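Notes for the structure review
This is what each chain is made of:
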Amino acid sequence: MLTAPIEESTSTRLSLRDPAGALFRSDSRLIRVVKPSAAAAIRRVLESPTCEFFTRNGSLPKTTVLAGEELAKARQTLNADDLGGEQAIYLEHEQLPFPSFPHEWSSEMLAAAAGLTLDLAERLLPEGLGLKDATPFNVLFRATEPVFVDLLSIEQRNLHDATWLPYAQFVRTFLTPLLVNRYFRIPLGDIFLARREGLRPHDAYPLVGFFQRLRQPFFSLVTIPMWLSRPGKRFQVAAPEKRLVHAPEKARFILGALIGHLRVLLRKICSKRSNADSIWTRYMSQSLPYSPEEFQAKEECISDYLQDYRPRTVLDIGCNTGHFSEMAALAGAAVVAIDVDSEVVGKVWERARKRKLNILPLVVNLTRPSPAVGWQNRESASFLDRAHAKFDTVFALAVLHHMLYDERIPLDEVLVALANLTRSDVVVELVERGDISVRDFLRSHGPEVECVDQSIFELKAGRLFEILEKQTIPGTERTIYTLRKLNAEKIQPSNSTC
């Protein structure tokens, strides 16, 4: 089995849209209940050589069919009577370390998820299998690698049908969001938090200039669909018509060519690189408020912590280009690296993937973290819920002063948030009034901002943490604190309005 036996406990239903079954969380386990009507299909999928191959290389989650005592316990624990009773099939899926969603990805990650979706669809064709939907919500990430997690999206196809039914959905949820992100710098978070089903042609058409509409990939993805839409009917989506052919080989060839065409469009979109780097992409090379010797002292401080305490999991808040995330990963930690800047997150993902580092980079602003979304806010959990007490160590390096002075978050609130994210330690960098970064904040925000010095920080941090170590970087007004949480219980923020 993948995890420990199911105990008597509450269970949570995580999915509701799939007519073939539902996914449940029971304690720390993921159980999928498959209706009897889909039983033969799921058995075919589990025996598929392609699915076995993708499972071995990590692109599909490991899955076990529950039987015997484990099956009986699962039936007793889960409220799944509406899914077929004793005739239903119960599967246990491997859990990925940290689930994430498309509104938290960089464009590079969305493109990788699209590539995996096309790879799977293409490899399934010779087996008479296919995908019934193609959405980024079928994909999670294991560090930098995409994993297709919805086995019920794989079905037996009609061998004479040359229509790929998910074509329009793939364009809406992968290609068009990538298109407007790469060419018009519209964040993926703005797209997917508002539109789970992505962007239709009429959403993108007003963004595109007249001559641009006549060039690829805009012509295929936006212009032609708009021109072919009936006047007054452009908000209606017609169901695709099946295209039946006499020879199965011909249908397979047409489907393969269609998937190949989508792959070409994906490469065309991804070839567009933004020339307007953000301020933070140049931070490590040009804008560091340290001398090389001062930065080396900071590195040595973090290196000593990693060697002395050996955290297994690390959250790096405000990771920038991932320098300290990489240090943690090279020391053996599984790292979730978050930053508000999607450009730097994309660079962290590319570098970590190239070096095969255990880093999951996400576009998350801790002062405005990803909310729970979906039906009754139950389909995609909030970042704070997913991250609560998830990490042995939280890094908050060169980010505290941004929260205090730029975002005006009180120190007490920041400390509570950090305490709720860690199981044990927080490594935080305090930047005081004399530092150039704080002076810039004070010039722009006025003298009414209260600065936090070491005495104030230590007084307030001491209510939630034990101060294990304190090291001031020589020649600077920056101090690295190593804090250990005093209370394992979740701490409630104050009722005051920030």
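The following paragraphs examine the structure supplied in this document. A quick note: this is a predicted structure, and the numbers were derived from the prediction, not measured.

Thresholds, definitions, all that
- Residues numbered from 1 in each chain as written.
- Predicted model: local features only at pLDDT ≥ 70, side-chain atom pairs only at ≥ 80, totals over all residues.
- Heavy atoms only, no water.
- Helix = DSSP H or I, 4+ residues; strand = E, 2+ residues; numbered from the N terminus.
- Buried < 20%, exposed > 50% of the residue type's maximum accessible area, 1.4 Å probe, protein only.
- Patch = residues over 30% accessible without salt bridge, like charges linked within 9 Å, V, L, I, M, F, W, Y side chains within 5 Å.
- Areas by Shrake-Rupley, 256 points an atom, 1.4 Å probe, with all protein chains shown as cover.
- Salt bridge = Lys/Arg side-chain N within 4 Å of Asp/Glu carboxyl O.
- Contact = heavy atoms within 4.5 Å.
- Pairing = 2+ DSSP bridges.
- Axes fitted to C-alpha atoms, helices over the stretch in contact; angles between N-to-C directions.
- Lys, Arg positive; Asp, Glu negative; His and termini not counted.
- Polar contact = N/O pair within 3.5 Å; in protein donor to acceptor, adjacent residues only side chain to side chain.

Looking only at helices and strands, the protein chain has 18 helices and 16 strands in total. Counting every position in the protein chain, which comprises 498 residues, the buried fraction comes to 50%.

Here we come to a nonpolar patch on the surface. A surface patch of nonpolar side chains, amounting to about 520 Å² of accessible area, comprises Phe210, Phe211, Leu214 and Trp227. On the secondary structure map, Leu214 appears in the loop between helix 7 (201-204) and helix 8 (218-228). Of the residues examined, Leu214 reaches a relative accessible area of 46% and is grouped as partly exposed.

Here the focus is the environment of Phe141. Assignment of secondary structure puts Phe141 in strand 7 (residues 139-142). When the C-alpha positions of Phe141 and Pro99 are compared, they lie 7.0 Å apart, and in sequence the two are 42 residues distant. Residues within four places of Phe141 in sequence aside, it is in contact with Leu96, Phe98, Ser100, Trp105, Met109, Ala112, Ala113, Pro146, Trp349 and Leu360.

Below, the discussion takes up the sheet that holds strand 5 (residues 89-93). Across the sheet, five strands lie side by side as 1-2-3-5-4; this open sheet has antiparallel pairing. The open sheet has two free edges, formed respectively by strand 1 (11-13) and strand 4 (63-65), since each of these has just one partner strand. Strand-to-strand twist across the sheet, computed as the mean angle between neighbouring axes with direction ignored, equals 30°. By the bridge criterion, three bridges tie strand 1 to strand 2 (residues 21-26) in an arrangement that is antiparallel. Residue pairing across strands places Thr12 opposite Arg25, the latter belonging to strand 2. The sheet contacts of helix 1 (residues 39-46) involve strand 3 (29-34), strand 4 and strand 5, and relative to strand 5 the element is tilted by about 35°. Lying over the sheet, helix 3 (residues 68-77) contacts strand 1, strand 2, strand 3 and strand 5, oriented at roughly 95° with respect to strand 5.

Residue position: Gly374 is located in the loop between strand 12 (359-363) and helix 14 (383-387). A C-alpha to C-alpha distance of 8.9 Å links Gly374 and Leu193, two positions 181 residues apart in sequence.

In the segment running from Gln216 into Pro217, the intervening peptide bond is cis, with an omega of 5°. Residue position: Pro217 is located in the loop between helix 7 and helix 8. Even without being a glycine, Asn377 presents a positive backbone phi close to 55°. Summarising the element assignment, Asn377 is placed in the loop between strand 12 and helix 14. By relative accessible area, which is 49% here, Asn377 ends up partly exposed.

Turning our eyes to something else, we now look at the pattern of salt bridges. Overall, the coordinates contain 26 salt bridges when judged by the stated rule. With a closest N to O distance of 2.6 Å, Glu429 and Lys298 form a salt bridge. Taken together, the residues span a long stretch of sequence, with Glu429 in strand 14 (residues 422-431) and Lys298 in helix 11 (residues 292-309) at a distance of 131 residues. A single burial state applies to Glu429 and to Lys298, both of which are buried. Each of Arg29, Glu70 and Glu92 takes part in salt bridges that share partners, so that together they form one network.

Our focus in this paragraph is the side chain of Asp339. Tracing the backbone through its elements, the reader meets Asp339 in strand 11 (residues 334-339). Within the buried set, Asp339 has no salt-bridge partner at all; the shortest N-O distance to an opposite charge, 11 Å, is to Lys298. For Asp339, the side chain forms a polar contact with the main-chain nitrogen of Asn320, separated by 2.9 Å. Non-local contacts of Asp339, meaning those with residues more than four positions away in its chain, are made with Gly318, Cys319, Asn320, Val344, Val345, Leu362, Val363 and Val364.

Everything listed is a geometric property; what it means functionally is a separate question.
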